[in-house]
Structures are given as C-alpha cells and as structure tokens.
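# Structural features, examined
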Amino acid sequence: MSEEQLFNNVLNKNAEFFDNLTGGLLIFVGILFLILIAALVVIIIGEVKLFKKAGKPGWAAIVPFYSTYVLVEIAGLNWWYFLIAISGTIVSLLGIDGLGTVTLLAARAANFFIFYNLGKKFKKDPTTYGILGLFFYGIIAAILGYSKNMQYDSSVEVSPNGPIDDKKGNTTKTAEPERFCLGCGKKLKPGVQFCENCGKKVE
Ligand SMILES: [Zn+2]
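Calculation notes
Residues numbered from 1 in each chain as written. Predicted model: local features only at pLDDT ≥ 70, side-chain atom pairs only at ≥ 80, totals over all residues. Heavy atoms only, no water. Axes fitted to C-alpha atoms, helices over the stretch in contact; angles between N-to-C directions. Helix = DSSP H or I, 4+ residues; strand = E, 2+ residues; numbered from the N terminus. Left-handed = near helix turned anticlockwise from the far one by under 90°. Contact = heavy atoms within 4.5 Å. Nonpolar A, V, L, I, M, F, W, Y, C, P; charged D, E, K, R; others polar. Patch = residues over 30% accessible without salt bridge, like charges linked within 9 Å, V, L, I, M, F, W, Y side chains within 5 Å. Areas by Shrake-Rupley, 256 points an atom, 1.4 Å probe, with all protein chains shown as cover. Salt bridge = Lys/Arg side-chain N within 4 Å of Asp/Glu carboxyl O. Donors = N, O, S within 2.8 Å, 3.2 Å for Na, K, Ca; no water. Tetrahedral: all angles 85-135°; square planar, octahedral: opposite > 155°, others 65-115°. Buried < 20%, exposed > 50% of the residue type's maximum accessible area, 1.4 Å probe, protein only.

## Comments concerning the packing of helix α3 (residues 80-94) against helix α4 (residues 100-121)
Packing of α3 against α4 brings their axes to within 8 Å, and their N-to-C directions diverge by 145 degrees. The chirality of how α3 crosses α4 is left-handed. Facing α3, whose interface residues are Tyr81, Ile84, Ala85, Ser87, Gly88 and Val91, α4 presents Gly100, Thr103, Ala106, Ala107, Ala110, Phe113 and Ile114. The class makeup of the residues in the contact of α3 with α4 is nine nonpolar, four polar and no charged.

Have a look at this one:
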C-alpha cells in the first residue's frame, strides 16, 4: 500500500466515524426531544385535571397568562397576585432594564403564596407545597391534578401572608368540603354517588 492510499484510507475511516457519530447524536437528541414533549403533555393534562377538580374549565389550564390568573383564583388569593406572578415575564417582554431581578424575586414570592395556599386547599402541608411550588410548579400542579387522594376544598381559608398568618392562629375551616365532578367540573351536592350533570361516578 502506497503512502497516499494509506492516507486516503485513514481519511475515509474518519469520515465514516464522524458520519456515524452525527447520526447517533441526532437520534439521541431526537429521543430526548420526544421525552420532553411527552413529559410536557403529561404535565399539561395534570394541570387540566387540577383545574377541573377546582371547578374551573379545563381549557383555562392551557391558555398562557389566563391559566396563571385562574390558578391564583383556585388558590383563593387576590387577583393582584396574578400581576406579581407574571411581572417578570411582562418586564422582560417590554425590555425594561434593571427590574429583572426585582420582578423575578417578586414573581417567585407570589409563586410561593399560590402553592402555599393550594397546599392548604388540598389539605397538605402548605409550607412544603409552597417551597416545592417555587421550583417545580408545573409538576406539583400536575400531581395535585392526578392524585385521587387529594381533593380540592374551596371552603379552606387562605393565608395571604403565608406561614406568618397561620402562626397568628388563623384556623382553617374543615366543615363540608365542596366537591366538583372530575368529568364536567360541575359542583357536586354533598353525599351524591354520581354527577347530576354528566352521570360520572364520584371518586
Ligand atoms: Zn359531571
């Protein structure tokens, strides 16, 4: 084998190697992308379920901004928590410099209060849910939606000041939890086995 032949041989081998590598990487990225999309769909369906549990229309969970507004309602908080929660997005959309960090922190705080009170409404430890909601809000919302054991109780009083208000001795009402149909979202009368509106069995 001449030196030139040897050189060409090595070149071809290298080209083949990189072709395979690129192909493999593309497949890997593709699979990763599909997994991400699947996870996103699973989370969105969970959020739709959460909205229905709370007696809100499921489609509201899919609409950007409006879904945050409704989530604030579900948490039982004032509408202006919504403004704080979206402040970071608004500021960056408007391209206002210097407010990024402030609005980001404010939005994080609003997120804590939303999930703190969602925890209360679902009879879970509010602080844990508040903190988890800071980092994994989509996943936490989906878990609340999917779980058969956790039901929404609109009669639970919220604490706009979070743990501080609760330390002051605010008691939470537990009498007669309101229930909503998982099929159509209509409010259920106490003690019924089937939804009067769509006939779905009450779980
Ligand atoms: Zn129904």
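## Here's the deal with a nonpolar patch on the surface
On the surface, a nonpolar cluster with roughly 710 Å² of combined accessible area is contributed by Phe17, Phe18, Leu21, Leu25, Phe28, Val29 and Leu32. Among the structural elements, Val29 can be located in helix α1 (residues 3-53).

## Things to note about the coordination of the zinc ion
Protein coordination at the zinc ion: the donors are Cys181 (SG), Cys184 (SG), Cys195 (SG) and Cys198 (SG), at 2.3 Å from the metal. Because the angles between the four donor atoms bound to the zinc ion fall within 105 to 116 degrees, the donor set is best described as tetrahedral. Owing to a relative accessible area of 4%, Cys181 belongs among the buried residues under this scheme.

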